[in-house]
Amino acid sequence: MKPVLPHAQLDWDDQGRPRSRVFDDVYFSDLSGLEETRYVFLEQNDLRDRFAALSADGRLVIGETGFGTGLNFLCAWQLFEQHAVAGARLHFVSVEKYPLSAPDLQRALALWPELKPFADQLLAQYVAIHQGFQRLVLGNGRVTLTLLIGDALEQLPQLDAQIDAWFLDGFAPAKNPDMWTAELFAELARLAAPGSTISTFTSTGWVRRLLNAAGFKMKRTPGIGHKWEILRGTFLGWPEDVTLPAATKPWFARPQPLTGERRALVIGAGLAGCASAASLAARGWQVSLLDRHAALAQEASGNPQGVLYLKLSAHGTALSQLIVSGFGYTRRLLEQLQRGVDWDDCGVLQLAFNAKEAERQAQLAAAFSPSLVHLLDQPQAQARAGIELEHGGLFYPEGGWVHPPALCQWQASSTNIQWLPHREVLELRKVDDQWQAWDGNALLASAPVVILAGAAEIKRFPHSADLPLKRIRGQITRLAQTSESQSLATVVCAEGYVAPARLGEHTLGASFDFKSDELTPTVAEHLGNLALLEEISTDLVARLHVPDLDPQQLEGRAAFRCTSPDYLPIVGPLAEPIAFAEAYAALSKDARQVPDIPCPWLEGFYVNSGHGSRGLITAPLAGELLAAWLENEPLPLPKTVAEACHPNRFALRQLIRGKA
Ligand SMILES: Cc1cc2nc3c(=O)[nH]c(=O)nc-3n(C[C@H](O)[C@H](O)[C@H](O)COP(=O)(O)OP(=O)(O)OC[C@H]3O[C@@H](n4cnc5c(N)ncnc54)[C@H](O)[C@@H]3O)c2cc1C
Ligand SMILES: C[S@@+](CC[C@H](N)C(=O)[O-])C[C@H]1O[C@@H](n2cnc3c(N)ncnc32)[C@H](O)[C@@H]1O
């Protein structure tokens, strides 16, 4: 189990500047933090000219060790705004072991009034920043910040990116020798794009020598303030005498970036399709969003309330990492929507309804920060929930409920997205470099890229027919709020869940039926949901006047979840199934083989599906993951997690088991 990383522990000097207790060092120069940042990091990496030289669809990727107060980031963003053309984008990836708490960040950034317009946006999005990869979208989509929360030496090896400019920050080498190591510099080199630049505030001889040995050509240059000299450099290439890091396996490698027009079809307008469309539209793509229904979010994504519930593992599994990153991303998106109607951060309480669950919860509480999840005993749980409960449980203070159609609407609202309702795609054809969507004899739309976001329906297309997606029917029950049920203050879950009312109605969910193909709500499942409510709280049963309700008159809706066998979503590019089996046939004899054969991709064919019971948490970030694949950008998730979600994983497993 990994230790929970605490927030930065700070002292503030008489000028209001922060100092780290752990490292006994300052976050920025006591003369002028701003000038030093601009000189050491922006000037030495020639950022002004590089921003000015970006084309309208260009971007620059900056990497940093030590996000700290975000001062370097905000200065880079300000310079980018001043010099880059409209349409150009800035990616900033920064690793931070001890993130500042939100109040400390606010206090530190108040020191720089000229950065306020940028700092305010960062502060508004600085929520749910937990361990692992945390993506923030700023500047109306023009600026992407990916924070890697954890130790640089643990996080950077998981990063899949090409960095154009490195800011080597972090407290002074003498005060933080664990970070300034040959191992770290090898990571910076591994991630460096051709011609990448680097700068740092230190001129320490061994730092310069180790960076040179890693493949950078470092030069001393006059310093600023207290610093007599600093270092700047460029990446020459991986040193010949050092073994190259293992290449990505060809079936998970990035497809050749598309060079033509940036246009895509997205088929399916639920959470997955709307998220895919939004992430591409934010990058300047023109997107046609097709669905067979008259409106967005008519199937699984159409419930009145869904829960932002994190089913975590204490063992850092790929799924658990995805959930923490996805939760953070969705939670930050929701800040843009209307609280109380579109969503509410009322918290989620997961009851410890038996001894096994209580044990699992204790392990989870020890593995994650209390700001993400903590234990409540029975009296505390009751006080939080505002109703009588028999058990305590785990509380997720930043969780809550969401009206999924509102999130879909918001994501589909870009002017770069053309909404095409009443379009049922029956067939996909590749003609020249275009994917064409057909409904019988009618050509509905075409584009070089197609994204399949139609949940289990994507199996209707031959290329994706083998993806092992299953439909699981689920039904929710709507219960009218009563004056007594108004006291319910958080979402409460046991086997089922119930949310505080939205517009006068509580959502109670949800049944699981693996067999049924029917979507008409049934009385039996309403009764099943009421039994789930009884397990949650008999007090709430009474407050909702359940005994007086006529089961025949209960209202609700049913839809299909769409799950994969490993419960991870399926997100990314897909290979042509037959050519894939041929190319990598050797794996069926020896699973450790890595044939040096490029993956036979279905060019321009992408999948975003399999979000199971937690699409609110996984689908929005999956949109970013798809866009990162398509735009050859830094991935928003650890490489191992992106691979765990990769559409090719099933064909690969089949080959290895000798079943292809
Ligand atoms: C009862 C129930 C309760 C749930 N509760 C929660 C919860 O509390 N929290 C949570 O996070 N998740 C919950 N989920 C899961 C969540 O709703 C899903 O993970 C999510 O909605 C999946 O989104 P999607 O876009 O992949 O699929 P969908 O929302 O089903 O969207 C797929 C869309 O594709 C369209 N489509 C498919 N094929 C075609 C085609 N060929 N041509 C045109 N259009 C096509 C469909 O019309 C549909 O609109 C629940 C699901 C159910 C059923
Ligand atoms: C001098 S501050 C960085 C200042 C920052 N760039 C800014 O603009 O405010 C150094 C930062 O590095 C972080 N840090 C130190 N050691 C680290 C490590 N091993 N991994 C990740 N972050 C680390 C510290 O927590 C601290 O926030």
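In the block above lies the structure referred to throughout.
Reading the values: rules and limits
Residues numbered from 1 in each chain as written. Chains lettered and ligands numbered in written order. Predicted model: local features only at pLDDT ≥ 70, side-chain atom pairs only at ≥ 80, totals over all residues. Heavy atoms only, no water. Pairing = 2+ DSSP bridges. Helix = DSSP H or I, 4+ residues; strand = E, 2+ residues; numbered from the N terminus. Near = heavy atom within 4 Å. Polar contact = N/O pair within 3.5 Å; in protein donor to acceptor, adjacent residues only side chain to side chain. Areas by Shrake-Rupley, 256 points an atom, 1.4 Å probe, with all protein chains shown as cover. Nonpolar A, V, L, I, M, F, W, Y, C, P; charged D, E, K, R; others polar. Expected span 1.5 Å × (residues − 1). Buried < 20%, exposed > 50% of the residue type's maximum accessible area, 1.4 Å probe, protein only. Arc of directions from axis to C-beta. Core = buried A, V, L, I, M, F, W, Y, C linked by side-chain atoms within 4.5 Å. Contact = heavy atoms within 4.5 Å. Phe/Tyr/Trp six-rings, centres within 6.5 Å; stacked < 30°, edge-to-face > 60°.

**Q** Describe the sheet that holds strand 19 (residues 401-402), and please don't skip the residues or the numbers.
**A** The antiparallel open sheet is built from three strands, whose spatial order is 14-19-15. The sheet is open, and its two borders are formed by strand 14 (306-307) and strand 15 (343-344), each paired with just one other strand. Taken together, the two bridges between strand 14 and strand 19 define a ladder with antiparallel strand orientation. When the sheet's bridge partners are listed, Val 307 is paired in strand 19 with Trp 401.

**Q** Can you break down the site of ligand 2 residue by residue, with the values?
**A** Lining the immediate environment of ligand 2, one finds 22 residues, of which Gly 66, Thr 69, Glu 96, Ala 152 and Asp 169 sit closest. Here Leu 71 contributes a backbone N or O atom positioned 3.0 Å from an oxygen atom of ligand 2. Taking Lys 97, its main chain carries an N or O atom lying 3.1 Å from a nitrogen atom of ligand 2. Considered on its own, ligand 2 offers 600 Å² of accessible surface; in the complex 98% of this is hidden by protein. Its residues assigned to classes, the shell around ligand 2 shows nine nonpolar, eight polar and five charged.

**Q** Please give an account of helix 11 (residues 355-367) that cites residues and values.
**A** With 13 residues, helix 11 ought to run about 18 Å at 1.5 Å a step, and its terminal C-alpha atoms sit 19 Å apart, in line with that. If you check which residues of helix 11 are buried, you get Glu 357, Gln 361, Leu 364, Ala 365 and Ala 367. Take helix 11 and look down its axis: the buried residues cluster within an arc of 160 degrees, on one side only. Opposite the packed face of helix 11, turned more than 90 degrees from it, sit the exposed residues Ala 355, Lys 356 and Glu 359. Its side-chain oxygen placed 3.2 Å from the backbone nitrogen of Lys 356, Asn 354 serves as the N-cap of helix 11.

**Q** Could you give an account of the site of ligand 1, with specific residues and numbers?
**A** In the region of ligand 1, 36 residues are neighbours, and Asp 291, Ser 301, Val 307, Val 425 and Gly 612 sit closest. A distance of 2.9 Å is found between a nitrogen atom of ligand 1 and a backbone nitrogen or oxygen belonging to Val 425. In this structure, Arg 460 approaches ligand 1 through a side-chain N or O atom, which is 3.1 Å from a nitrogen atom. Look at ligand 1: alone it shows 1000 Å² of surface, and the protein chains cover 96% of it. Those elements that provide at least two residues to the shell around ligand 1 are helix 9 (271-282), strand 14, strand 25 (470-480), strand 29 (555-563) and helix 17 (615-631). Top element by residues in the shell around ligand 1 is strand 25. It accounts for three residues.

**Q** Talk me through the nonpolar core; I want residue IDs and the actual numbers.
**A** Formed by 80 residues in total, the largest nonpolar core has its most connected members in Phe 51, Ile 62, Phe 73, Leu 122, Leu 156 and Phe 216. With eight residues, the single largest contributor to this core is helix 3 (residues 71-83). Excluding residues within four positions of it along the chain, Leu 122 makes contact with Phe 67, Phe 73, Leu 74, Leu 105, Leu 109, Leu 136, Leu 138 and Leu 145. Membership of the second largest hydrophobic core comes to 77 residues, among which are Cys 274, Ala 277, Ala 453 and Leu 621.

**Q** Now, about the packing of aromatic side chains: what can you tell me, with residues and values included?
**A** This model, assessed by the stated rule, comprises 18 aromatic pairs. Ring centres of Trp 77 and Phe 118 lie 5.0 Å apart, and the angle between their planes is 65 degrees; this geometry places the pair in the edge-to-face category. Placement of Trp 77 in helix 3 and of Phe 118 in helix 5 (residues 116-125) is noted, with a sequence separation of 41 residues between them. Take Trp 77: its relative accessible area is 1%, and that puts it in the buried class.

**Q** Lay out unusual backbone geometry in plain terms, naming residues and giving numbers.
**A** Geometrically, the link from Gly 509 to Ala 510 is a cis peptide bond, its omega value of -20 degrees lying close to zero. Locating Ala 510 in the fold gives a position in the loop between strand 28 (505-509) and helix 14 (523-536). Positive phi, normally seen in glycine, also occurs at Asn 140, with a value near 55 degrees. By secondary structure assignment, the location of Asn 140 is in the loop between strand 6 (132-138) and strand 7 (143-149).

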